[in-house]
Each structure stands twice: as structure tokens, then as C-alpha cells.
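Here is what each chain is made of, one letter per residue.
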Amino acid sequence: MEKDDGIGREFTRGAAPLAVLHLLSRRAMYGYELTRALSAQSQGVLDLGHSTLYPILYNLENKGLLRSEERTAESGRARRYYHVTPKGERRLDRQRSQWLELSRGMEALGLAGGS
Amino acid sequence: MANHLRPVERALARSELPCELADLVRRVVSTSQLSGEERSAVARELIAHLEDGLADSRSAEELARTFGDPECTGWLIRRARAPGPMRLATVLAKGLAGVGLSALLLWFVVAWRLDSARPSRATDAAALRAFAATARQEDRARDRVEDVTRALAAGEAGAAEASALHTVRLIDSLSTRPEPLARLAGLTLGVS
């Protein structure tokens, strides 16, 4: 594997909040469940550790984009579930559009979309 | 310090985490410098995450390795939990709302004070004039009647009422209550 020059980490840091909002807009999840879903659905690209995931969750919650509540998971253990607020949904829509625009721009440059 | 850590230590004692993972949780919450309940909530969440990892057949070594730097995590959590700086528009809106509310409150206070300074009962001026016209000179109410009629003639209803209020106080101070005075006060203040 090539050595990460820091840009990959920056990309991940920038994309992770959007990815978190996107996954939580589908259904409420707790931290560990979310890391597994992010890793699996991004094919390992968004493999977030504690040091990234929880600050993102707390930051989004602090901004009113997420809400959380402690519930009992299927395992019988108490877990904190996060879900997207209406404000978070609006932010997600806006960021999704921005992301698609950026993606189209990169594709037009020949940097994405396999061209 | 010990007081802050007590709930965290209780949560760690209840967990099934090995020492190295428990120590990571301690270091994160210690660096986060959060208050008691927030600190406990963060600790419970990290403990739950690590327990899920162990239940998911991941080793303690692997979890510790992928945990990241606990001090850095604690610092990031502290920053994420801190209230963000207010936008200028929010500050202005809150300031204007505060000024508006203060002005409204001041207006209510001034209006209340002005209103309470004015006699509140309606005066039956016609009945008062009729009474004043028939009042006898030798009546003990003469002086008061003259005051009231003078004020009424000058169009000073407020002064007439003030004089009548004075009359009421005079009546209260007398051992006997002369009927003309009582009637005068009642008419002026709109009390039958």
C-alpha cells in the first residue's frame, strides 16, 4: 500500500460527516453499528476509528443535525442511538448537491468516473 | 478529580473490558475535560463500542491499535462538545430581541405607574354639580364643596377628584360623619 501523504486523510475527514448523515438518514444507529456500516458500504474506504467517529457524532449533535437517545439494543445492552433531525436532513440535501457538483467537476477533468 | 472519575470507574467496573482498553477510556475522558454527566455518557459510549468490538470477535490488541491516540480523541471530543461561536446574525438577532423586550417591559412599568397615579373611578360631574348647588353655606362640607365646584368650573376633573379623596380622608378622621361630606365624596368618586 502506498504511503498516505495526508491528502487521503483530509478527504476522509471532509467526506465522513456527509457519509454519517447519509447513513443515519436511512435509520438510527449506534456508534459501533455505524462504523461497521460505513466500512462495509464504502468498501473499506471510510474505516473510521474512535478518534474520528465520536468527535464527528458529537459535533453534528452539537450543531442540531443529529439527536441521540439511549436505548436497549438487540443484544440487550444499552446503546446510544443517533438519528438525523429535520435540520440535518436539510443540511444533507445541500451537501449531497455540493458533493455531486464536485464529483461532476472532477469527472469533467478526467479524474473520476473511469474516463 | 476523584469525584469526576467515580461514575466512570463504576461504568468500567461493570464492563468486561480488559485493563488496556479500560485505560484508553480513562485517558480519553480525562483529556476531554467534560463535566460529570457528559463525561459519564462519553465513557459509557466508548465502553459499549469496545464491548461490541470484543463481541464481534476482534481482539483487545486490535481494538487498542485501531482506537487512535486517546489524548487526541479526548481533545477532539472536548472541542466537538463545546458550544460553537455564535454567528453575527444570531448575535444581532438576540441583541435586538433583548432590547425590544426591555423596551416593552419599560413601557409596561411606566404605563402602570402613570395609570395608578390617576384616580380610577369615574366621576358623576352632573350629580356633583347639582349637589354643590344645593349645599348649605353653614354645612361643614362648604369648603370642600367650594374646592370641588371651583375645580369643576375650571374643567379640572382630576383636581375635583383629588379634593374629594381629601374629603374622604377628612371624613375618616372625624368622630362623626357629616352626611353632606359623605355624599360629596361618594358623588365625586362615583360611589353611591
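Our structure's up above, just so we're on the same page.
Residues numbered from 1 in each chain as written. Chains lettered and ligands numbered in written order. Predicted model: local features only at pLDDT ≥ 70, side-chain atom pairs only at ≥ 80, totals over all residues.

### Some remarks on the overall build of chain A
Moving on, step 1. A count of helical and extended segments in chain A gives four helices and three strands.
Moving on, step 2. Across the 115 residues in chain A, those meeting the buried criterion constitute 27%.
Moving on, step 3. By sequence separation, contacts in chain A at least 24 residues apart represent 46% of the contacts at least 6 residues apart. (Helix = DSSP H or I, 4+ residues; strand = E, 2+ residues; numbered from the N terminus. Buried ≥ 20, exposed ≤ 12 C-beta atoms within 10 Å, placed from the backbone. Contact = placed C-beta atoms within 7 Å.)

### Regarding helix 2 (residues 19–32) of chain B
Residue and element names in this part refer to chain B.
Moving on, step 1. For helix 2, which comprises 14 residues, the first-to-last C-alpha distance of 20 Å matches the rise-based estimate of 20 Å (1.5 Å per residue) to within 8%.
Moving on, step 2. Regarding helix 2, the residues found buried are L21, A22, L24, V25, V28, V29 and S32. Buried residues of helix 2, seen end-on, are gathered within an arc of 155° and therefore sit on one face of the element. For helix 2, exposure combined with an orientation more than 90 degrees from the buried face picks out C19 and E20. (Expected span 1.5 Å × (residues − 1). Arc of directions from axis to C-beta.)

### Some thoughts on the packing of helix 3 (residues 50–62) of chain A against helix 5 (residues 70–81) of chain B
Moving on, step 1. Where helix 3 of chain A contacts helix 5 of chain B, the axes come no closer than 8 Å and their chain directions differ by 10°. In this view, helix 3 of chain A runs roughly parallel relative to helix 5 of chain B, as classed from their interaxial angle. Across the interface between the two elements, A:H50, A:S51, A:Y54, A:P55, A:Y58, A:N59 and A:N62 from helix 3 of chain A touch B:C72, B:T73, B:L76, B:I77, B:A80 and B:R81 from helix 5 of chain B.
Moving on, step 2. Its residues assigned to classes, the contact of helix 3 of chain A with helix 5 of chain B shows seven nonpolar, five polar and one charged. (Axes fitted to C-alpha atoms, helices over the stretch in contact; angles between N-to-C directions. Parallel < 35°, antiparallel > 145°, perpendicular 65-115°, else oblique. Nonpolar A, V, L, I, M, F, W, Y, C, P; charged D, E, K, R; others polar.)

### A closer look at the environment of B:V42
All names here are of chain B.
Moving on, step 1. With respect to the helices, strands and loops of the structure, V42 is situated in helix 3 (residues 36–55).
Moving on, step 2. Taking C-alpha positions, V42 is 9.0 Å from V25, a pair spaced 17 residues apart along the chain.
Moving on, step 3. Those residues in contact with V42, other than ones at most four positions away along the chain, are V29, S32, L34 and I77.

### Concerning the nonpolar core
Moving on, step 1. In this structure, A:V20, A:L57, B:V25, B:A43 and B:I47 are the most contacted members of the largest nonpolar core, which totals 42 residues.
Moving on, step 2. With residues up to four places along the chain from it excluded, the contact list for B:V25 reads B:L12, B:A43, B:L46 and B:I47. (Core = buried A, V, L, I, M, F, W, Y, C linked by C-beta atoms within 7 Å.)

### Remarks on unusual backbone geometry
Residues and elements named next belong to chain A.
Moving on, step 1. Of note in the backbone geometry, Q43 takes a positive phi value of approximately 55° without being a glycine.
Moving on, step 2. By the secondary structure assignment, Q43 is in the loop between helix 2 (31–41) and helix 3.
Moving on, step 3. Residue classification places Q43 among the exposed residues on the basis of 8 C-beta atoms within 10 Å.

### Some remarks on the sheet that holds strand 2 (residues 66–72) of chain A
All names here are of chain A.
Moving on, step 1. If you trace the three strands from one edge of the open sheet to the other, you get 1-3-2, paired in antiparallel fashion. Across the chains shown, the open sheet's two edge strands, defined by having one partner strand only, are strand 1 (29–30) and strand 2.
Moving on, step 2. With respect to the sheet, helix 3 is in contact with strand 2 and strand 3 (78–84), its orientation differing from that of strand 2 by roughly 120°. (Pairing = 2+ DSSP bridges.)

### Regarding the interface of chain A and chain B
Moving on, step 1. Taken together, the 13 residues of chain A in the interface contact 17 residues of chain B.
Moving on, step 2. For the side of chain A that touches chain B, the elements supplying multiple residues, two or more each, are helix 2, helix 3 and strand 3 of chain A.
Moving on, step 3. Of the residues in the side of chain A that touches chain B, the class split is four nonpolar, six polar and three charged.

### Things to note about the environment of A:A78
All names here are of chain A.
Moving on, step 1. With respect to the helices and strands, A78 occurs in strand 3.
Moving on, step 2. On the basis of neighbour count, A78 is assigned to the partly exposed category, with 13 C-beta atoms found within 10 Å.
Moving on, step 3. When the C-alpha atoms of A78 and Y30 are compared, they prove to be 9.9 Å apart, with 48 residues separating the residues in sequence.

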